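Next come the chains, spelled out residue by residue.
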Amino acid sequence: MRQKGLDFGEAAAPRPARRRALTVSELTERIQGVLETEFVDVWVEGEISNLKLATSGHWYFSLKDEQAQIRAVVWKTDARLIRFRPKDGMKVLARGAVRIYAPRGEYQVSVQVLEPLGKGSLQQAFEELKDRLEKEGLFDPARKRPLPMLPRRIGVVTSPTGAVLRDILRVLRSRYADLEVLVYPALVQGEGAAAEIAQGIRALNRIGGLDVIVLARGGGSLEDLWAFNEEAVARAIAASRVPTISAVGHETDFTIADFVADLRAPTPSAAAERVVQAKEELQARVAAFEGRRDAALRLRLARVRSRVEAAAAHRVFAAERGRLRVQAQRVDELVRRGETGLVRALERGREHSRRLRERLEAFRFDRQVAARRERLLRQSDRLDALFRKGAERRRAALSRLAASLDGLSPLAVLGRGYALVWEEAARRLLRDAAEVEPGQGLRIRLHRGALRATVISRETE
């Protein structure tokens, strides 16, 4: 039986095509594209929890509020720029970009800037480092060393181009001209300033012979003075064998270096004054002691003079004064007699000297010297004549001997046309033609020059 409209024998209608499903990776990539392009730069406020500081230098934590939380990461390159250390429970303001961590299918904030709420990051870092170093005892007054009373050499770590160095040198020269100053030029602000300051402290310690080291910089904001709040500078100050003075900023500015240094000066000029203050105090004390000494000496001298005058007025000394006057008169008489004797002795000496001069004038020693000089000249002329004659005789004899020797010389014979012949190999003089063979080399000496020859044939007389 067939019903109208129903034909079970006919083919069934085709089903619609099945839609392709996304893979997990594809879906994650689409979500990542939407989130990372939409939330490129976001600020998030929340509380830090589950903080983990990885050995790689990265920070991992969660930001949460009463109703939600989100994961966050601070990469090592960004963590170095954050001045404070985050802690669990700290409320912060984070700036960064939303990123997808595909392996876990989680989204997180890649934080580039992190600020504590309520305090700036620099202030937070300042207080954290201050608390930590204080617990280590670097601020302990017991480790503070007194400055030397009369320093001879001081070191200054500061910028060589600023007004701070000129102010320090002006104060030192006006009050302590013979003080030797060694300046270590260093950056006092910006990137690398803390490392240069710490290096300067260590370098001045290695030089040796310094009595005090001054760290100096003018005033500025907390950011400007931050190099003196770095831990590296604090450690270098604490390790310094030379007493240190921190003269950073104005009187109201405080840095970590102020707490670690042996002395804090409100300004660089005040630091220079403090260095030479001991000399001024010592000079004032010496001047006060000299005044007290002079007053005591005057008082003692007045008392002694009064006692001497009282004793001299006693009658016992009256007779002694009479005897002293007699002796004084006797001394005067002896002095007059001595002067008279000296005058007479001087006159006798003058008379004796006059008689000696007369005798010398009669002797006329200069005439005798002139006569002997004349005699020596005549004898010298005779010796010269004898020497010339003897030389001429010897020269004539030498000429005769030279002529005789020249006549006997074999070279003179060569001058008459003769020659000397040597065997070239044996270097012996030949006297017979039978001593050589044809082809043998000869050396022939003439009157002027020499010849080398080869025997062609041999002839006998």
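Below you will find a few notes about this structure. Since this is a predicted model, take the numbers as computed values, not measurements.

### Description of the overall build of the protein chain
Here comes step 1: Scanning the protein chain for helices and strands turns up 11 helices and 13 strands.
Here comes step 2: In the protein chain, which comprises 461 residues, the share counted as buried stands at 27%.
Here comes step 3: Counting only contacts in the protein chain whose residues sit at least 6 apart along the sequence, the fraction spanning at least 24 positions is 59%.

### A word on the side chain of S246
Here comes step 1: For S246, the position within the fold is in strand β9 (residues 244–248).
Here comes step 2: Judged by its relative accessible area of 0%, S246 falls in the buried class.
Here comes step 3: Excluding its chain neighbours within four sequence positions, the residues that come into contact with S246 are L215, T255, A257, D258, A261, L263, R264 and A265.

### As for the sheet that holds strand β11 (residues 420–423)
Here comes step 1: Here three strands make up an open sheet; going across it, the order is β11-β12-β13 and the pairing antiparallel. Looking at which strands have only one partner, the edges of the open sheet turn out to be β11 and β13 (450–454). On average, each strand axis in the sheet is inclined to that of its neighbour by 25 degrees, with strand direction left out of account.
Here comes step 2: Here four bridges tie β11 to strand β12 (residues 441–445), and the two strands are oriented antiparallel to one another.

### Describing the pattern of salt bridges
Side-chain pairing between opposite charges can occur once the charged atoms of the two side chains come close.
Here comes step 1: Applying the stated criterion across every chain yields a total of 18 salt bridges.
Here comes step 2: Note that K130 and E134 form a salt bridge whose closest N and O atoms lie 4.0 Å from each other. With K130 and E134 both in helix α3 (residues 121–136) and four residues apart, the pair spans about one turn of that helix.
Here comes step 3: Using a relative accessible area of 23% as the deciding quantity, one classes K130 as partly exposed.

### Thoughts on the sheet that holds strand β1 (residues 42–53)
Here comes step 1: The five strands lie next to each other as β1-β2-β3-β5-β4, forming a closed barrel whose pairing is mixed. Here the strands of the sheet are splayed against their neighbours by 50 degrees on average, with no regard to which way each runs.
Here comes step 2: Of the pairings in the sheet, the one linking strand β2 (residues 59–64) to strand β3 (residues 69–74) comprises six bridges and is antiparallel in character. Across the sheet, the residue bridging to W59 is V74, located in β3.

### Section: the nonpolar core
Here comes step 1: Counting residues in hydrophobic clusters, the biggest one holds 50 residues, and the most contacted among them are F61, L63, V111, F228 and I237.
Here comes step 2: The element that contributes the greatest number of residues to this core is helix α5 (residues 193–207), accounting for six residues.
Here comes step 3: Among residues more than four places away in sequence, those in contact with V111 are F61, A72, V73, V74, D78, A94, R95 and G96.
Here comes step 4: Within the second largest apolar cluster, 22 residues are counted, among which are L169, V214, A247 and A270.

### Some remarks on helix α4 (residues 163–175)
Here comes step 1: Taking 1.5 Å of rise per residue, the 13 residues of α4 would be expected to cover 18 Å, and the 19 Å separating its terminal C-alpha atoms lies within 8% of that figure.
Here comes step 2: All of the buried residues along α4 are V164, L165, I168, L169, V171 and L172. Looking down the long axis of α4, one finds its buried residues gathered within 160 degrees of arc, a one-sided arrangement. Facing away from the buried side of α4 by over 90 degrees, the exposed positions are R166, R173 and S174.

### With respect to a nonpolar patch on the surface
Here comes step 1: A cluster of nonpolar side chains, L22, L27 and I31, forms an exposed patch at the surface whose accessible area comes to about 240 Å².
Here comes step 2: Within the element layout of this structure, L27 appears in helix α1 (residues 24–38).

### Points about the packing of aromatic side chains
Here comes step 1: Scanning the model with the defined rule gives three aromatic pairs in all.
Here comes step 2: For the ring pair Y60 and W75, a centre distance of 6.5 Å and an interplane angle of 90 degrees mean the geometry is edge-to-face. Of this pair, Y60 sits in strand β2 while W75 is found in the loop between β3 and α2 (76–79), placing the two residues 15 residues apart along the sequence.
Here comes step 3: You can call W75 partly exposed: its relative accessible area is 33%.
Here comes step 4: The interplanar angle of 35 degrees and the centroid separation of 5.4 Å between the aromatic rings of F139 and F259 together place this pair among those described as tilted. Pair noted here: F139 is in the loop between α3 and β6 (153–158) and F259 is in helix α7 (residues 256–260), with a separation of 120 residues, a long-range link.
Here comes step 5: Taking the relative accessible area as the measure of exposure, F139 reaches 13% and is therefore buried.
Here comes step 6: Residue F259 is classed as partly exposed on the basis of its relative accessible area, which comes to 24%.
Here comes step 7: Among the aromatic side chains, those forming a connected cluster through ring pairs are F139, F254 and F259.

### Overview of unusual backbone geometry
Here comes step 1: For N50, which is not glycine, the phi dihedral falls at a positive 55 degrees.
Here comes step 2: Its location among the elements puts N50 in strand β1.

### What about the packing of α5 against helix α6 (residues 231–239)?
Here comes step 1: Between α5 and α6, the least distance of the axes is 8 Å, while the angle of their chain directions is 10 degrees. By the angle between their axes, α5 is roughly parallel relative to α6. Contact residues: A194, I197, A198, I201 and R202 in α5; A232, V233, A236 and I237 in α6.
Here comes step 2: Grouping the constituent residues of the contact of α5 with α6 by class yields eight nonpolar, no polar and one charged.

### Examining the pairing of strand β8 (residues 212–217)
Here comes step 1: In terms of burial, β8 is a largely internal element, six of the six residues being buried.
Here comes step 2: Going residue by residue along β8, you find V212, V214 and A216 tucked away on one face and I213, L215 and R217 tucked away on the opposite face as well.
Here comes step 3: Bridge count between β6 and β8: four bridges; the pairing is parallel. Across the sheet, V157 pairs through a bridge with L215, a residue of β8.
Here comes step 4: Note that β8 and β9 share five bridges and pair parallel. Residue pairing across strands places I213 opposite T244, the latter belonging to β9.
Here comes step 5: Considered for its hand, the β-α-β crossover made up of β8, α6 and β9 is right-handed.

The rules we used
- Residues numbered from 1 in each chain as written.
- Predicted model: local features only at pLDDT ≥ 70, side-chain atom pairs only at ≥ 80, totals over all residues.
- Heavy atoms only, no water.
- Helix = DSSP H or I, 4+ residues; strand = E, 2+ residues; numbered from the N terminus.
- Buried < 20%, exposed > 50% of the residue type's maximum accessible area, 1.4 Å probe, protein only.
- Contact = heavy atoms within 4.5 Å.
- Pairing = 2+ DSSP bridges.
- Axes fitted to C-alpha atoms, helices over the stretch in contact; angles between N-to-C directions.
- Salt bridge = Lys/Arg side-chain N within 4 Å of Asp/Glu carboxyl O.
- Core = buried A, V, L, I, M, F, W, Y, C linked by side-chain atoms within 4.5 Å.
- Expected span 1.5 Å × (residues − 1).
- Arc of directions from axis to C-beta.
- Patch = residues over 30% accessible without salt bridge, like charges linked within 9 Å, V, L, I, M, F, W, Y side chains within 5 Å.
- Areas by Shrake-Rupley, 256 points an atom, 1.4 Å probe, with all protein chains shown as cover.
- Phe/Tyr/Trp six-rings, centres within 6.5 Å; stacked < 30°, edge-to-face > 60°.
- Parallel < 35°, antiparallel > 145°, perpendicular 65-115°, else oblique.
- Nonpolar A, V, L, I, M, F, W, Y, C, P; charged D, E, K, R; others polar.
- Right-handed = clockwise from strand over helix to strand, strands pointing away.

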